[in-house]
Amino acid sequence: MAALADLAPDDLVLVACSGGTDSLSLVAATAWAAERLSLRAGAVCVDHGLQAGSPQVAARAAEACRRLGLDPVEVVPVEVPADSPDGPEAAARLVRYAALATCADRLGAVAVLLGHTSDDQAEQVLLGLVRGSGIRSLAGIPPRRGEVRRPFLEISRAQTHASCDELGLVPWQDPHNDDPAYLRVRVRRALIDLTTDLGPGVRAGLVRTAALARQDADYLDALAADARRALGDLPWEVGDLIRLDPALRTRVWRAALTDAGVPAGALGRNHIAECERLLTAWAGQGPIPLPGGYAVTRRSGQVSVSGPHTVN
């Protein structure tokens, strides 16, 4: 498995396993690869507690991982906030990733493997188009981010199904995957319709779009990082910001605000747009309120960020 080729013998990798087709297929592939690469392979089964019987589902997933030879295998129950402004899917994802990171740190794992496939990638790109989220969203799901790795991004969902069938594995079928209340499910169905109408190349085209967009987004992010270093610490001169290209400036805003303490998950396009108006449509407007009690202010030709504990 190419995603593990850079690891050293005896390194520990963890597979995030829900018991579904993709993650169960990844468990089997990891067990096979770990033996040949002299790696240690374990699994984490996160119980989100969002459905009746979820502890039993997580326990069955863990047992399947053990039967395939993974060790250690842990079941981690988490609590998903019911009042998240970003919805239950985003809230579940945040607590799941936090649980995986905590487990990896405690167990000394060097990598956490997730079972996203090329179908997930195509759906993510289509979802980004629907939301109008910009080039970073069109870049889709990254193959790697920190300790997280996704070895199956070039493998189709049909292949993971075939793998489970061949190995005699019985995956869990998550009823949420068929619930149209979730936007991702509706996007998945729309992609099926597009494939029917336009041909099987639709998925491959969306996956190629993600790869190309990621190259461009990474390059712009690097330029924005250089621009931010040149700006120095806040406050910043309005004239220095205006001289930046908008494609870089919006990235500078986002990085600076999250570094100042603004919650990244709550920082939306509308917040960045209002910060931009301090530069491009200045009419003496007051501080721009941001999530977490933060604010951006323009005063005397400079912009600054204040936080909930700022002493004026």
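Residues numbered from 1 in each chain as written. Predicted model: local features only at pLDDT ≥ 70, side-chain atom pairs only at ≥ 80, totals over all residues. Heavy atoms only, no water.

A. Representation of the overall build of the protein chain in the model. The number of helices and strands found in the protein chain is 11 helices and 10 strands. Across its three principal axes, the protein chain shows a C-alpha extent of roughly 70 × 50 × 40 Å. Sorting the 312 residues of the protein chain into buried and exposed places 44% on the buried side. Excluding contacts between residues fewer than 6 apart, the proportion of contacts in the protein chain whose partners are at least 24 apart in sequence is 67%. A total of about 16400 Å² of accessible surface is found on the protein chain, and carbon and sulfur atoms cover 54% of it. (Helix = DSSP H or I, 4+ residues; strand = E, 2+ residues; numbered from the N terminus. Buried < 20%, exposed > 50% of the residue type's maximum accessible area, 1.4 Å probe, protein only. Contact = heavy atoms within 4.5 Å. Areas by Shrake-Rupley, 256 points an atom, 1.4 Å probe, with all protein chains shown as cover.)

B. Just the pattern of salt bridges, in detail. Across all of its chains, the model carries 19 salt bridges by this definition. Residue glutamate 123 is joined to arginine 188 by a salt bridge in which the shortest nitrogen-to-oxygen separation is 3.0 Å. With glutamate 123 in helix α4 (residues 118-131) and arginine 188 in helix α7 (residues 183-198), this pair connects stretches of sequence that are 65 residues apart. Arginine 188 carries the same exposure label as glutamate 123, and that label is buried. (Salt bridge = Lys/Arg side-chain N within 4 Å of Asp/Glu carboxyl O.)

C. Here's a closer look at the state of the cysteines. Overall, the coordinates contain zero disulfides when judged by the stated rule. Looking at the unpaired cysteine 17, the closest cysteine sulfur is the one in cysteine 65, lying at 3.7 Å. Overall, the relative accessible area of 3% leaves cysteine 17 in the buried class. (Disulfide = S-S within 2.5 Å.)

D. Summary view of the packing of helix α8 (residues 201-231) against helix α10 (residues 246-260). Axis separation between α8 and α10 bottoms out at 9 Å; the angle between their running directions is 65 degrees. With respect to α10, the element α8 is oriented roughly perpendicular. Between α8 and α10 lies a crossing of right-handed hand. Along its contact with α8, which presents Ala217, Leu220, Asp221, Leu223, Ala224, Ala227, Arg228 and Leu231, the element α10 presents Leu248, Arg251, Val252, Ala255, Ala256 and Asp259. In terms of residue class, the contact of α8 with α10 is built from 10 nonpolar, no polar and four charged. (Axes fitted to C-alpha atoms, helices over the stretch in contact; angles between N-to-C directions. Parallel < 35°, antiparallel > 145°, perpendicular 65-115°, else oblique. Left-handed = near helix turned anticlockwise from the far one by under 90°. Nonpolar A, V, L, I, M, F, W, Y, C, P; charged D, E, K, R; others polar.)

E. The arrangement of the sheet that holds strand β6 (residues 148-149) in detail. The mixed open sheet is built from six strands, whose spatial order is β3-β2-β1-β4-β6-β5. Pairing within the sheet leaves two strands with one partner each, and these edge strands are β3 (73-77) and β5 (144-145). Bridge count between strand β1 (residues 12-16) and strand β2 (residues 40-47): five bridges; the pairing is parallel. Note that in β2 the partner of valine 13 across the bridge is alanine 41. Contacts between helix α1 (residues 21-37) and the sheet are confined to β1, β2 and β4 (111-113), with β1 contributing the most and set at about 165 degrees to the helix. Sheet strands in contact with helix α2 (residues 54-67) are β2 and β3, and its direction is about 170 degrees off that of β2. (Pairing = 2+ DSSP bridges.)

F. Looking closely at the nonpolar core. Residues Leu4, Cys17, Cys65 and Leu70 are the most contacted members of the largest nonpolar core, which totals 27 residues. Only β1, α1, β2, α2 and β4 provide two or more residues apiece to this core. Here this core takes seven residues from α1, the largest share from any one element. When near neighbours in sequence (up to four residues on either side) are disregarded, leucine 70 contacts Val15, Val27, Ala31, Ala41, Gly42, Ala43 and Cys65. Ala227, Leu241, Leu267 and Val303 belong to the second-largest nonpolar core, a separate cluster that totals 23 residues. (Core = buried A, V, L, I, M, F, W, Y, C linked by side-chain atoms within 4.5 Å.)

G. Here's a closer look at the pairing of β3. Alignment of β2 against β3, held across five bridges, turns out to be parallel. Note that in β3 the partner of valine 46 across the bridge is valine 76.

H. Region of the structure containing the pairing of β1. The element β1 is extensively covered by neighbouring structure, given that five of its five residues are classed as buried. Here β1 shows no split at all, with Leu12, Leu14 and Ala16 on one side and Val13 and Val15 on the other all buried. Handedness of the crossover is the feature at issue here: the chain leaves β1, passes through α1, returns alongside β2, and the resulting connection is right-handed. (Right-handed = clockwise from strand over helix to strand, strands pointing away.)

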